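# Examining the three-dimensional arrangement
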Amino acid sequence: MVKTVDTGAPDGEYRAVFQSNSWGSSRTLHYTTRSAEMDDILFINDILITQSQSNAGNQDSRPQAWAKNMVGVGGVTTVETMNRLDDSAYGSSGPASDGRIKPDLCAP
C-alpha cells in the first residue's frame, strides 16, 4: 500500500515539487511490476519524479525508468564542438518494449 503525502501544502510536513532518483531495481528491457508501482506512486502523490535510465549503454534500464509517467533521464557524451552530430549517448536508452521513446530528457 502506498501512503499518500500532501507535498504541495506550504505549511505541511513535506514540501516538494519533484524528486530525482539515480537508484532503482535491476535493469530490464520491459515494463514490470516495479514500473507499475512507480506509475501508482506518481498518480497518487501528484509529484514529478525523474529517474536515470541507467548507464548500461544499451536498452537495459531500471524498471522505474520504464514507468509511463516517469521522466526518464539519459546522459550524453560530448566532444565539445558546436556540432551535436559528434555527440553520443553513454547511458541507457529506449525505445521501451512498447515503442515509447525513452529517455525523456538528455544532457551532457
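Everything numeric here is computed off the predicted structure, so don't read it as measured data. (Residues numbered from 1 in each chain as written. Predicted model: local features only at pLDDT ≥ 70, side-chain atom pairs only at ≥ 80, totals over all residues. Heavy atoms only, no water.)

## Structural notes on the confidence of the model for the protein chain
- Overall, the predicted model of the protein chain reaches an average pLDDT of 84, with 89% of residues at or above 70.
- Across the protein chain, element-level confidence peaks in helix 1 (residues 33-45) with a mean pLDDT of 92 and bottoms out in strand 4 (residues 88-89) with 72. (pLDDT = per-residue confidence, 0-100. Helix = DSSP H or I, 4+ residues; strand = E, 2+ residues; numbered from the N terminus.)

## Remarks on the pairing of strand 3 (residues 71-77)
- Two elements, strand 2 (residues 48-52) and strand 3, share three bridges in a ladder whose sense is parallel. Bridging across to strand 3, Q51 finds its partner in G72.
- Bridge analysis of strand 3 against strand 5 (residues 105-107) gives three bridges, and the strand direction is parallel. In the strand pairing of strand 5, G74 is matched with C106. (Pairing = 2+ DSSP bridges.)

## Focus on the pairing of strand 2
- The element strand 2 is largely enclosed, with a buried count of four among its five residues.
- Across four bridges, strand 1 (residues 18-21) lies against strand 2 in parallel orientation. Counterpart to N21 in the pairing with strand 2 is Q51.
- Each parallel crossover has a hand, and for strand 1 linked through helix 1 to strand 2 it is right-handed. (Buried < 20%, exposed > 50% of the residue type's maximum accessible area, 1.4 Å probe, protein only. Right-handed = clockwise from strand over helix to strand, strands pointing away.)

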